[in-house]
Amino acid sequence: MIWNKAMECADRETMEAIQLRKLKETVKRVHTNVRPYRERMQALGVTPEDIQTLDDLKKLPFTTKTDMRDNYPYGLFASPLSEITRIHASSGTTGKPTVVGYTSRDLESWAECVARALTMAGGDNTSVVQVAYGYGLFTGGLGAHDGAQYMGASVIPMSSGNTQKQVMLMKDFRSTILCCTPSYALTIAEAVKKAGYGPDDIDLKAGVFGAEPWTPEMRAAIEKGLGIRAHDIYGLSEVMGPGVSCSCAEQNGMHIQEDFFIAEIIDPDTGEVLPEGEKGEIVFTTIGKEGIPLIRYRTRDICYLMRDKCKCGRTTARMSRVLGRSDDMLIIRGVNVFPSQVETVIAKFSELTMNYKIIVGRENNTDTFALQVELAEGLAIDNIRFVEELRKKVTHELRTLLGIGCEVKFLNEGTLPRSEGKAVRVEDTRNLSE
Ligand code: DLL
């Protein structure tokens, strides 16, 4: 089944006409309503009237996470707060989160995108959708929820965690589609086995997994463990949330909802648009979004585009799975973490030095996250009470800022190897890139 054949199977000419019309509207909207965009366009000598073809997109400036931080919290909104009906947020690069606002129409467009994704996974109004993404400021929970409801499915708003209960409800409520991060899907698969069930004992048919990078090997393990077909769903809060793209039954890339997002692939170093099919950073322009439309938003996600027709019948461009990042953002247990955020916390403590190392690994399908940091000169690591007190405080600050737990270990001053060039602050042994 295809949720919206008119859009998902449109011929190129029709789709490009829709994109151009919506792009022109969006550029006018940000030029009129968003001062930072107006100023930047003025500085480049570009007016909304200069956008006459899709190729003219290149004339427009990029938007980055730093722009979002500089205009925190509402400076890039193109609608007054009276029209904003939902606010979400994700990690910023330092202390403040990145904030996004949705009008009622934006929420409906988002639900439409997610309904298309769930339909790719075989969903319809008879589906029972268990949402095990976190609910809250993170877009995963409510994004999947609204889309499943829009599709007409029965939604179970479980949120993440409480794994035994996830398994119990999955069996008793006869869930057919599971939405969560791929690493959590593996944890659930393990718990299903532990509970003494095999794939035939549960009704689950498909999973719609995303929010973090995963490998084809991981997909195979999830499919086998739960006896389902696993679909990859991509998105980011700045651009919308889950549903920007999703893989269909062919599992050969994720179909981009091109009537809502124009995708470009650029060279992350030069900003040049790369030829069709080359690997680079994916950049999105939101078209038709009211609350916070973004022009050429630099996602920092590395992938490539495919435009050949998919066997499923959809004609939309597909993006490959995310192959890496062009910045240093880590995704740990589904949570975005920048080393600079960790550094912000360390800097608050005069008892600590700036010599630190973040160590990320994976044990039993769960990410591990540890911080090693040197104590300031003269402070004794064998003063157990002092060290324990300090550990508590640092752990608390990290949890408050990042939203996840971190195992903090102190070292004597001078223990960590000193940098002779670019400091290597992160050791990530998860090997998710290729
Ligand atoms: O992770 C939105 C989302 C929720 C997507 C649920 C899919 C499912 P953020 O927290 O803003 O939003 O993080 C966005 O997560 O730039 C990617 O680096 C990464 N990411 C998201 N989906 C995928 C995926 C949500 N399918 C950042 N594969 C993005 C790999 C993904 N990485």
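Here the structure is a predicted model, which means the values were calculated and not measured.

The subject of this paragraph is the site of the ligand. Taken together, 23 residues surround the ligand, and among them Asp232, Ile233, Ser237, Asp301 and Asn336 come closest. Contacts to the ligand include Ile233, whose backbone N or O atom sits 2.7 Å from a nitrogen atom. Taking 610 Å² as the accessible area of the ligand by itself, protein coverage stands at 97%. Secondary structure elements with two or more residues in the shell around the ligand: helix H6 (139–151) and strand E7 (229–236). The leading source of residues in the shell around the ligand is E7, at five residues. Here the residues of the shell around the ligand are counted per class, giving eleven nonpolar, seven polar and five charged.

What follows is about the environment of Arg318. Tracing the chain through its elements places Arg318 in strand E14 (residues 318–319). Judged by its relative accessible area of 1%, Arg318 falls in the buried class. A C-alpha to C-alpha distance of 23 Å links Arg318 and Thr26, two positions 292 residues apart in sequence. In contact with Arg318, not counting residues within four places along its chain, are Asn252, Gly253, Met254, His255, Ile256, Tyr304, Leu305, Met306, Asp308, Lys309 and Cys310. Within polar-contact distance, the side chain of Arg318 engages the backbone oxygen of Asp308 at 2.6 Å.

Here is what the cut-offs are and how they apply
Residues numbered from 1 in each chain as written. Predicted model: local features only at pLDDT ≥ 70, side-chain atom pairs only at ≥ 80, totals over all residues. Heavy atoms only, no water. Near = heavy atom within 4 Å. Polar contact = N/O pair within 3.5 Å; in protein donor to acceptor, adjacent residues only side chain to side chain. Areas by Shrake-Rupley, 256 points an atom, 1.4 Å probe, with all protein chains shown as cover. Helix = DSSP H or I, 4+ residues; strand = E, 2+ residues; numbered from the N terminus. Nonpolar A, V, L, I, M, F, W, Y, C, P; charged D, E, K, R; others polar. Buried < 20%, exposed > 50% of the residue type's maximum accessible area, 1.4 Å probe, protein only. Contact = heavy atoms within 4.5 Å.

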